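Overview (structure and organization)
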Number of protein chains: 2
Amino acid sequence: MRDKAARTRSRLIRSAATEFAEHGYVRAKLSTIAADAGVSRGALHFHFPKKEALADAVEASAAERFTDVTGDWDESAAQSLSQAVQAFADLYRRDVTFRAGVLLSCEKDRKSTVNLVQRWEEYVTSAVAAAERGSPFSRSGAARHASSAIVAMTVGLAFLWHDNEQWLAESTVSGVWNLLPPLGGRVG
Amino acid sequence: MRDKAARTRSRLIRSAATEFAEHGYVRAKLSTIAADAGVSRGALHFHFPKKEALADAVEASAAERFTDVTGDWDESAAQSLSQAVQAFADLYRRDVTFRAGVLLSCEKDRKSTVNLVQRWEEYVTSAVAAAERGSPFSRSGAARHASSAIVAMTVGLAFLWHDNEQWLAESTVSGVWNLLPPLGGRVG
């Protein structure tokens, strides 16, 4: 029984992610989410008394996936960051729950419980700082600009992807990434 | 009389821009737009029979402003592009009509008559091509990536600005811009 409830819950989260990603938080319809998950409105209400609770669950689920993107860095923070950028792009492209979580983070109409864009910014800032430690690059305040550039670039590519999928193609992401000065000391 | 009609029309476009920028196309309310412009619903309807017509007028008005950003380049395409990036950021920040036009271009719920994001992409691509002509930079296909990077960054910064105005501060935009390889041949 608990298994069945968990499966229903997880189907609802996925349907909600699809609906939120497509129509945004305000316009998302609970009836569509229930129908798409193959459950009654009553069952939806049992698991998620309010739309807000569903959005929170989608964000929490997206945040779990996000942890895979932003694992700890081992030897090279620069290398980890480069992989994280590709992983972020890849996850946004392929995973509707992650995408919905990012989009929900940007909604003005609700208070986000887990702001994924902010988390991404924090991760990038830490990774750039770790990569730049002791390098000549860190002199000029360029580390801060490098973080801003990486966050703006990834968010911009994700946003543009909705219009044309090429924007998050691996070749686009790596081409854009390679234009940035290498992190970790090779820039004077 | 014609002057009065033109002024009313222009007030309606500005109110519509504010409402579209704040709530998006679908949720924007004609009653708010009319009230905000200080005209009756009948007068709004006289000038713009449908919401679609209002959105088209906002886009057209935004496109006019955009022309100032993307003037022809004289001697240095790279220099013009650098100025255009700052001008785009500045206009997005300060001018609600331009902002509304860009946001309307990205709406899935309507067909844009003037897609400003696409126009920006076309401008950037041409300027990068002009800047790179004959330079060693053009060898590697990096010109295409440079265009993608510039478009993604500007769009990303504009998007992030809604959450925190620092993202379009002049120092952020120039800091990020300066990280990109100089256009026009200094990159091997």
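Here we look at the overall build of chain A
- Assigned secondary structure in chain A consists of nine helices and zero strands.
- Listing every helix and strand of chain A by position from the N terminus yields α-α-α-α-α-α-α-α-α.
- Its C-alpha atoms give chain A principal-axis dimensions of about 65 × 35 × 25 Å.
- Expressed as a percentage of the 188 residues in chain A, the buried residues total 51%.
- Long-range contacts, defined as pairs at least 24 residues apart, comprise 68% of the intrachain contacts of chain A with a sequence gap of at least 6.
- The centroid of the 23 positive side-chain charges in chain A is displaced by 5 Å from the centroid of its 22 negative side-chain charges.

Considering the nonpolar core
- Among the nonpolar cores identified, the biggest contains 89 residues, and Trp120 of chain A together with Trp120 of chain B are the most heavily contacted of them.
- Tallying contributions element by element places helix α8 (residues 142-161) of chain B first for this core, with 13 residues.
- Among all residues touching Trp120 of chain B, those that are not within four sequence positions of it are Phe66, Val69, Thr70, Ala84, Val85, Phe88, Val151 and Thr154 of chain B.

Comments concerning the state of the cysteines
- By the definition in use, this model includes zero disulfides over all chains.
- Its sulfur unpaired, Cys106 of chain A is 13 Å from the next cysteine sulfur, which belongs to Cys106 of chain B.
- What makes Cys106 of chain A partly exposed here is its relative accessible area of 30%.

Observations concerning the pattern of salt bridges
Residues and elements named next belong to chain B.
- With the rule as written, the count across this model stands at 12 salt bridges over all chains.
- For the salt bridge of Arg110 with Glu59, the shortest nitrogen-to-oxygen distance reads 3.2 Å. Residue Arg110 is located in the loop between α6 (96-105) and α7 (116-132), and its partner Glu59 is located in helix α4 (residues 51-69); the two are separated by 51 residues in the primary sequence.
- Between Arg65 and Asp95 there is a salt bridge, with the nearest N and O atoms lying 2.5 Å from each other. Of this pair, Arg65 sits in helix α4 while Asp95 sits in the loop between α5 (77-94) and α6, and the two are 30 residues apart along the sequence.

A closer look at the environment of Asp68 of chain B
- Summarising the element assignment, Asp68 of chain B is placed in helix α4.
- In sequence terms Asp68 of chain B and Leu91 of chain B are 23 residues apart; their C-alpha atoms lie 9.7 Å from each other.

A look at helix α2 (residues 30-37) of chain B
Residue and element names in this part refer to chain B.
- All of the buried residues along α2 are Ile33, Ala34 and Ala37. Along α2, the residues classed as buried sweep out an arc of 95° about the axis, all on the same side. Residues of α2 that are exposed and point over 90 degrees away from its buried face: Ala35 and Asp36.
- In the core, the buried residues of α2 are packed alongside α1 (2-27), α3 (41-47) and α4.

A closer look at the relation of the copies chain B and chain A
- Under the fitted operation, chain B is carried onto chain A by 0.0 Å of movement along the axis and a turn of 180°, and the coordinates agree to an RMSD of 0.0 Å. Accordingly, the operation relating the two chain copies is best matched by a two-fold axis. Looking at the rotation axis and the C-alpha trace of chain B, the residue lying nearest is Gly156 of chain B, at 1.8 Å.
- A high fraction, 100%, of the interface residues of chain B reappear at the interface in chain A, so the copies pair face to face through one surface.

Some details on the side chain of Glu19 of chain A
Residue and element names in this part refer to chain A.
- By the element assignment, Glu19 lies in helix α1 (residues 2-27).
- Although Glu19 is buried, it makes no salt bridge; Lys29 carries the closest opposite charge, 6.1 Å away.
- The contacts of Glu19, once residues within four sequence positions are left out, are Gly24, Arg27, Ala28, Lys29, Thr32 and Ile33.

What counts, and where the lines are drawn
- Residues numbered from 1 in each chain as written.
- Chains lettered and ligands numbered in written order.
- Predicted model: local features only at pLDDT ≥ 70, side-chain atom pairs only at ≥ 80, totals over all residues.
- Heavy atoms only, no water.
- Helix = DSSP H or I, 4+ residues; strand = E, 2+ residues; numbered from the N terminus.
- Buried < 20%, exposed > 50% of the residue type's maximum accessible area, 1.4 Å probe, protein only.
- Contact = heavy atoms within 4.5 Å.
- Lys, Arg positive; Asp, Glu negative; His and termini not counted.
- Charge placed at Lys NZ, Arg CZ, Asp CG, Glu CD.
- Core = buried A, V, L, I, M, F, W, Y, C linked by side-chain atoms within 4.5 Å.
- Disulfide = S-S within 2.5 Å.
- Salt bridge = Lys/Arg side-chain N within 4 Å of Asp/Glu carboxyl O.
- Arc of directions from axis to C-beta.
- Least-squares fit on C-alpha atoms with pLDDT ≥ 70 in both.

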